[in-house]
Every structure is written in C-alpha cells, then in structure tokens.
Amino acid sequence: MDFSFGAEDEELRVRARAWLTGHLAPDGPYAGAVGLGGPGSEHEGVAARRAWERELGRGGWIGQGWEVPAGAYGQQRLSLTGQVVWAEEYAALRAPGRVGHIGENLLAPTLIAYGSREQQDRFLPGIARGEELWCQGYSEPGAGSDLAAVRTAAVRDGADGRLRVTGQKIWTSLAREADWCFVLARTEAGSRRHRGLSFLLVRMDQPGRVEVRPIRQMSGTSEFNEVFFDGAVAAEVVGGEGNGWSVAMGLLALERGVSTLVQQIGFAAELERVLADYAVYGGSDPVVRDRLVRQWAELRTMRWNALRTLGDASGADPGAPSVAKLLWGGWHRRLGELAVAVRGAVGAAGPGAWAPGLPYEAGLDEAQRLLLFTRADTIYGGSDEIQRNIIAERVLGLPKESGR
C-alpha cells in the first residue's frame, strides 16, 4: 500500500499546525490545557479539556474519518493519510488529551455501521460538536476480560415498554464526566454466553438509577470508575434486540487501522523522551542500548502491521485486532520499564524527601508514571491471555479450553 504524503496532505499539515498553534497560544484560553490528560492522566483538567473538545467541534476536527458525507454533521472529511497528518501535528504540539475519543472513535463508527438513520441523526451531531461525551459499559466484576460473561440485565417494563438496566460495570473511564454510556446487557432471560445480549444507549444523568463510584488508586487519583445501574432506562437499542454480541465485536474491531497508527504517534513521542533521558543520564549500558534499538524496531513493525489492516472493516482477518493488542500492549509496558531503566538508580528515587502526608502521585515524575500506568496495558481492553485464546480458536481453529 502506498502510504506516502501528497501535496494535499502537506497543505493540510500547514493548515492544521496553524489552527492548533493559534488556538493553543500561550496567551490564549487553552494554554493551561497543553499537555494535560491522556492515558494515566484522565483526571487532569477535565473542565478545560471539555471546553477544548467543543473548540475542536467548532473547527470541524471531530469525526474526520466517519463514513458519512463530508459536513453531514459539521465535520471535515479527511483521507486516511490526512487523519494521520492531523494526529502527528496534534501530538507534536502536545494538544490536550481528548475526552471525547470514546464517542468519536468507538460509538460513532458503530452507529454508522449498525445504527438506524434516526439514531445517527440524534447522536452524531452532539459528538461532532464536542458537546456530548460517552463512556463504555463492557467490563464487569467477576467476568475479567470475558465479555460474553456479562450479567447486567435489561428487562422490558410492562408499563411503558422501555428497557430498564440493572447491574454493575467496572473500570469505566470518564464515567463521571460522560453524558451517555453504551452498555452491553443481557435482554433475554436465561440466555448464556454471547446469545441474548443487546447493545444499549443509556443516559448517565438518572439520579437514583445510575451511580458512579470512583476507584481510588495508589496515586490518590481515580482514572476510572465502577457504575451501578438500578432500573436505568435505556434510550436506544443499536442493531436490534439480541444482536448485541455482533455489534460489540464490530466496535472492538474498530480499534485498529488509523486509530492504531494515531496511537503509535503518541508512542513515538514517548520513545523520543526516553531516548533523550538516556542521553542526559550518560547512558553507556550496552544492554539498555540494545533494548532501546529493539524498542524502536518493534514500533516500526507495529506501524507496518497497522498499515496492513488499514481501513479493513470487513472482518476478513478476525485475528487482526487481537494481534494488534498483543503487539502494542507488550511494547508499551516494556517502554515504561525502559523509561526508568535508562536513568539507572536515579530512576527509582523520588524528587524530594518522603513525608506521611505527601500524596503518592506527588513523588512521581513522568517516567515513573509511565512505568506504573503501562503495567495495565496487557490487562485492560482484553488481557493477553484472552487475545491469545481468540487467535487460537478463531484463526488457527484450535479447540476451546475444557469447560468453556
């Protein structure tokens, strides 16, 4: 595949850089949000980042890759290479970590693929304007990475005919800020595994019926939450009742291609900072140097693998999302380990003297936070064990584990 940048892409690069530079100017309203947020720091500056989301919407920068006519929901329509150009400029200028990425990159393409026109017209404009934020209600306590084991149920109310959701979801990022949640729930009583599930859209603002409890981490912050539903009303069913498994799997398949390439742009910036630290701390350890070279080479390999699956929404390669997750999860965890290793013994020390009242987070620098956060990369979004099972069963045709 030819993935070179053409004249049109370079024109876009100039335009994107000018827009971002102007809107993130030191004397502008969003200057304080530069560098805030992102993986491991979702709690930072949410109000400022939410305002930034609306600014992106006014500029037409949300929904660039949606498979809808250009401007249908107020968004610019960019080519695959154009989307990468935008992501490169966004990362280079350390623009704020997105709070609308779940709605833009996961829910919106799912609605376009499986939703009705009425559902698209109801929800896509709010996402494109940066006004409605979403969270994802998949994982549950006791189910681990086994999405087919969900126990959250939705029952049709005999009085008004609406589905009412009861159950618990966990590890829900941005649940406190989100306006809506897409929830995988069991709508067929007595059904098992992937049968009888539905993909529901649930408004978060339902006092007494939706409760969000932050999960406090050792850093003193709360990156994610647990969500309790007690008869919460589901506003919509996407893809038809009982077809939730197909819709949920379609959504997970979206986490590749351009989204993976965009993720790698952030990874490359992190690797550059680790390399800079290696130079500052006078690195001479040949083993560490070899690990850095290997890290760079693996990042290039991930890029070519993402290009291989770029734009493939057909599901022709059922193992592609699992392969991509295995590659980047392990790579990012190793980068976190390297971020501290390049500093030698200094990497294990905090910036100041420890005190009983000092929050744990205050004693961490950027490299140490990266080390701790990346420990989760091979667990969330489907653990490595689950991804290997998917590849073994669906790609290689190996028998399932006994008891499954």
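A short tour of the structure in this document, coming up. In this text the structure is predicted, and so the values were computed from the model without any measurement.

## Considering the pattern of salt bridges
- Throughout the structure, instances matching the rule amount to 22 salt bridges.
- R117 is paired through a salt bridge with D121; the nearest N and O atoms lie 3.3 Å apart. Taken together, the residues span about one helical turn, with R117 and D121 both in helix 5 (residues 117-128) at a distance of 4 residues.
- Overall, the relative accessible area of 36% leaves D121 in the partly exposed class.
- Salt-bridge contacts for D160 lead to R162; the nearest nitrogen and oxygen are separated by 3.1 Å.
- Several salt bridges converge on common partners, so that one network encompasses E10, R13, R17, E88 and E89.

## Details of the packing of aromatic side chains
- Applying the stated criterion to the full structure yields 15 aromatic pairs.
- Measuring from centroid to centroid gives 6.5 Å for W134 and F182, while their planes differ by 35 degrees, and the two rings are tilted. Of this pair, W134 sits in strand 1 (residues 134-137) while F182 sits in strand 4 (residues 180-186), placing them 48 residues apart in sequence. Considered together, W134 and F182 belong to a single accessibility category, that of buried residues.
- Aromatic side chains F267 and W328 sit 6.4 Å apart centroid to centroid with 45 degrees between the ring planes, which places their arrangement in the tilted category. Here the residue F267 occupies a position in helix 7 (residues 258-280), and W328 occupies one in helix 9 (residues 320-341), the gap between them amounting to 61 residues. Here the two residues F267 and W328 agree in accessibility, since each one is buried.
- A connected cluster of aromatic rings, assembled from ring pairs, spans W19, Y30, W52, W61, W86 and Y90.
- Taking the ring centre of F228 as reference, the NZ or CZ of R213 above it sits at 4.1 Å.

## Focus on the nonpolar core
- Grouped together as the largest cluster of nonpolar side chains are 47 residues, with contacts concentrated most on W52, W86, W134, F182, F199 and L201.
- If you list the elements that add at least two residues to this core, you get helix 1 (7-23), helix 2 (46-58), helix 3 (80-92), helix 4 (101-114), helix 5, strand 4, strand 5 (197-203) and helix 6 (244-252).
- The leading source of residues in this core is helix 4, at 5 residues.
- Apart from the residues within four sequence positions on either side, W86 is in contact with A16, W19, L20, L56, W61, Q64 and L78.
- Membership of the second largest hydrophobic core comes to 17 residues, among which are C181, M204, F229 and A234.

## Concerning the pairing of strand 5
- In terms of burial, strand 5 is a largely internal element, 6 of the 7 residues being buried.
- Taken together, the 7 bridges between strand 4 and strand 5 define a ladder with antiparallel strand orientation. What sits directly across from V183, in strand 5, is L200.
- Where strand 5 meets strand 7 (residues 224-238), 4 bridges bridge the pair, whose relative direction is antiparallel. In the strand pairing of strand 7, V202 is matched with A234.

## Side note on unusual backbone geometry
- With a phi angle near 60 degrees, W171 is a residue other than glycine that sits in the positive phi range.
- Mapped onto the elements, W171 comes out in strand 3 (residues 163-173).
- Here L174, not a glycine, exhibits a phi torsion of approximately 60 degrees, which is positive.
- Mapped onto the secondary structure, L174 falls in the loop between strand 3 and strand 4.
- A residue is classified by how much of its surface remains accessible, and L174, at 4% relative accessible area, is buried.

## Regarding the pairing of strand 2 (residues 153-156)
- As paired elements, strand 2 and strand 3 share 4 bridges and run antiparallel to each other. Looking at strand 3, one finds that R156 is bridged to L163.
- Here strand 2 folds back onto strand 3 in antiparallel fashion, the turn holding 6 residues, of which G161 has a positive phi close to 80 degrees.

## Things to note about the packing of helix 9 against helix 11 (residues 384-395)
- In contact at an axis separation of 9 Å, helix 9 and helix 11 are set at 145 degrees when each is read in the N-to-C sense. The crossing of helix 9 and helix 11 is left-handed. Contacts between helix 9 and helix 11 involve S322, V323, K325 and L326 from the first element and D384, Q387, R388, I390 and I391 from the second.
- Residue composition of the contact of helix 9 with helix 11, grouped by class: 4 nonpolar, 2 polar and 3 charged.

Each value, and the rule that gives it
Residues numbered from 1 in each chain as written. Predicted model: local features only at pLDDT ≥ 70, side-chain atom pairs only at ≥ 80, totals over all residues. Heavy atoms only, no water. Salt bridge = Lys/Arg side-chain N within 4 Å of Asp/Glu carboxyl O. Helix = DSSP H or I, 4+ residues; strand = E, 2+ residues; numbered from the N terminus. Buried < 20%, exposed > 50% of the residue type's maximum accessible area, 1.4 Å probe, protein only. Phe/Tyr/Trp six-rings, centres within 6.5 Å; stacked < 30°, edge-to-face > 60°. Lys NZ or Arg CZ within 6 Å of the ring centre and 35° of its normal. Core = buried A, V, L, I, M, F, W, Y, C linked by side-chain atoms within 4.5 Å. Contact = heavy atoms within 4.5 Å. Pairing = 2+ DSSP bridges. Axes fitted to C-alpha atoms, helices over the stretch in contact; angles between N-to-C directions. Left-handed = near helix turned anticlockwise from the far one by under 90°. Nonpolar A, V, L, I, M, F, W, Y, C, P; charged D, E, K, R; others polar.

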